[in-house]
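Architecture and fold: a report
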Amino acid sequence: MQRIFDYSARADPYPLYAELRRTPVARQEDGSYVISAYREITDILNDPHLSSDVRNLSRPMPSVEGGATSSFIHMDLPEHDRLRRMATRHFGPPHTPGLVTGLECFLTATVRSLIDDLAGKEQIDVVDDFAFPFPVTVICHLLGVPRENEPRFHLWVNDIMNSIDYDPKTDPKEKLDKGVQARKDLRQCLGELVEQRHGRPGDDLLSRLANDDGPDGQMADADIVATAKLLLIAGHETIVNLITNGMLTLLRHPQVLQRLRDEPDLVVPLVEELLRYEPPVQIIPWRAAYSDITVADTVIPKGSQIMLMLASGSRDPKRFHEPDRFDPDRRDNQHLGFGSGIHLCFGGPLARRETQIALTELVRRLDRPRLVADPPPYRPSPVLRGPIHLDIEQGDG
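Residues numbered from 1 in each chain as written. Predicted model: local features only at pLDDT ≥ 70, side-chain atom pairs only at ≥ 80, totals over all residues. Heavy atoms only, no water.

1. Some points on the environment of isoleucine 243
Heads up, the condition is: To qualify as a helix, a DSSP run of H or I must reach at least 4 residues; to qualify as a strand, a run of E must reach at least 2; elements of each kind are numbered from the N terminus. The buried label goes to any residue with under 20% of its type's maximum accessible area, the exposed label to any with over 50%, and the partly exposed label to all in between, with areas taken from a 1.4 Å probe on protein chains only. Throughout, a contact is declared for two residues whenever any of their heavy atoms are within 4.5 Å.
Relative to the elements of secondary structure, isoleucine 243 occurs in helix H12 (residues 221-252). According to the relative accessible area criterion, isoleucine 243 is buried, its value standing at 0%. Counting along the chain gives 28 residues from isoleucine 243 to valine 271, while the straight-line C-alpha distance between them is 9.3 Å. Apart from residues no more than four positions distant in its own chain, isoleucine 243 is found in contact with Phe130, Ala131, Phe134, Thr355, Ala358, Leu359 and Leu362.

Below, the structure is given as structure tokens:
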């Protein structure tokens, strides 16, 4: 497991994943289990004996929420399903089928505005100048955060993201403290916004959740805040990495980049292939076994920590033909980029559309983009993997 977290593998972890797949279910020295092959990962993600509740680990981990209400992704049946149903009633089909398509104009306008600001710059950072601000703006709009509050949300997300990568050996404690404070400030602000929405129905997501009294009853304010925070943080990190990994992959495959310029419709299968080939979420760092379970003839004891190597599964040659080749024409692309089972990413449709619009416009508008450094510097995290900066030159250079 130590090799998975070793930063030296961050730029290209895929040879390590190939080694791991030789033993699809591998017990580690600390008693945890690493699962790295496609079939075994999908089997276990759909196994009702698997828990997402940290309390079911035999050695429970501290919660990053500091006693605040957890989002439903850290819950099990039946509470997970109840809260997820209540959230998804307002987040897409069948109850709100027009949510993503209704955002189309806003997404396009936001992307174009950000790219307008890059015009004439010989060197840009795809992360700082584009991929980072874009999803925060989208989620704030979706939630109904007043425009004047948006800059604060950008700062909070930035501090929280930095704290996720906190390393006590090398980082000042201030980095962690700022993340803790940002989580508190974000919760407080979202809580105030939810309170203001009660009895004032509107089209934004906070209003819909605060005023909905559907088949499952009304969602508690603390759960609305936890759901909004999940959308903002998890949704943000996924999009930043997906867009940045996507741009990096296109610059490494100039023929595909040119095809996307010439055939904009290619972006739909291209983003699916990105989710397989360079996924933003590489690892589910833990699940817990409710009871003893058998995976690939290996008995995993109750309470064991299970690490699921999603990105390894999506490169499994037993499931995908030539898995290390980037192929936007790939058929039967049931990747693990958004997980599987009851915890399948519920923001997936929005993430897909954001990335499709972002990459189409970047490729169309940037003038002969070229990588400044390959590989670029990566974030420390092996779980949420992506470049911390992606510097590119454009124009005559």
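2. Digging into the sheet that holds strand S1 (residues 25-27)
Threshold: Following DSSP output, two strands are said to pair if at least two bridges run between them.
As summarised here, the arrangement of the five strands in space is S1-S2-S8-S5-S3, forming an open sheet in which the pairing is mixed. Two strands close off the open sheet at either side, each with one partner strand: S1 and strand S3 (50-51). Pairing analysis gives three bridges linking strand S5 (residues 284-289) to strand S8 (residues 305-308), with the strands arranged antiparallel. Each bridged residue has a counterpart across the sheet, and for isoleucine 284 the counterpart in S8 is leucine 308.

3. Brief notes about the environment of alanine 26
Considering the arrangement of structural elements, one finds alanine 26 in strand S1. With relative accessibility at 18%, the residue alanine 26 sits in the buried group. Alanine 26 sits 125 residues away from proline 151 along the chain, and the two C-alpha atoms are 45 Å apart.

4. With respect to the packing of aromatic side chains
Put simply, the rule reads: The pairing test for Phe, Tyr and Trp rings, Trp by its six-membered ring, is centres within 6.5 Å, and the orientation test on the planes gives stacked under 30 degrees, edge-to-face over 60, and tilted for anything in between.
Within this structure, the stated rule accounts for six aromatic pairs. Here the aromatic rings of tyrosine 38 and phenylalanine 320 are separated by 5.5 Å at their centres, their planes lie at 90°, and the arrangement is edge-to-face. Of this pair, tyrosine 38 sits in helix H3 (residues 38-45) while phenylalanine 320 is found in the loop between helix H15 (310-313) and helix H16 (348-365), placing the two residues 282 residues apart along the sequence. Look at tyrosine 38 and you get buried, because its relative accessible area is 11%.

5. Describing helix H6 (residues 104-116)
Stated formally: A helix is expected to span 1.5 Å for every residue after the first. The reported arc concerns the directions from the helix axis to the C-beta atoms and nothing else.
Its 13 residues give H6 an end-to-end C-alpha distance of 18 Å, which sits within 8% of 18 Å, the value for a rise of 1.5 Å per residue. Among the residues making up H6, those that are buried are Leu107, Thr108, Thr110, Val111, Leu114 and Ile115. Down the axis of H6, the buried side of the element spans an arc of 165°, and every buried residue falls inside it. Lining the buried residues of H6 we find helix H7 (126-131), helix H8 (133-143) and H16.

6. As for unusual backbone geometry
With an omega dihedral of -5°, the bond running from leucine 77 to proline 78 counts as a cis peptide bond. Note on placement: proline 78 falls in the loop between S3 and helix H4 (79-88). A cis amide bond, omega 5°, links aspartate 374 with the succeeding residue proline 375. Assignment of secondary structure puts proline 375 in the loop between strand S9 (370-371) and strand S10 (391-393). In this structure, alanine 296 is a non-glycine residue whose phi angle is positive, near 50°. Within the secondary structure, alanine 296 is located in the loop between strand S6 (293-295) and strand S7 (298-300). Despite not being glycine, arginine 368 has its phi angle at roughly 45°, a positive value. The class of arginine 368 is partly exposed, set by a relative accessible area of 46%.

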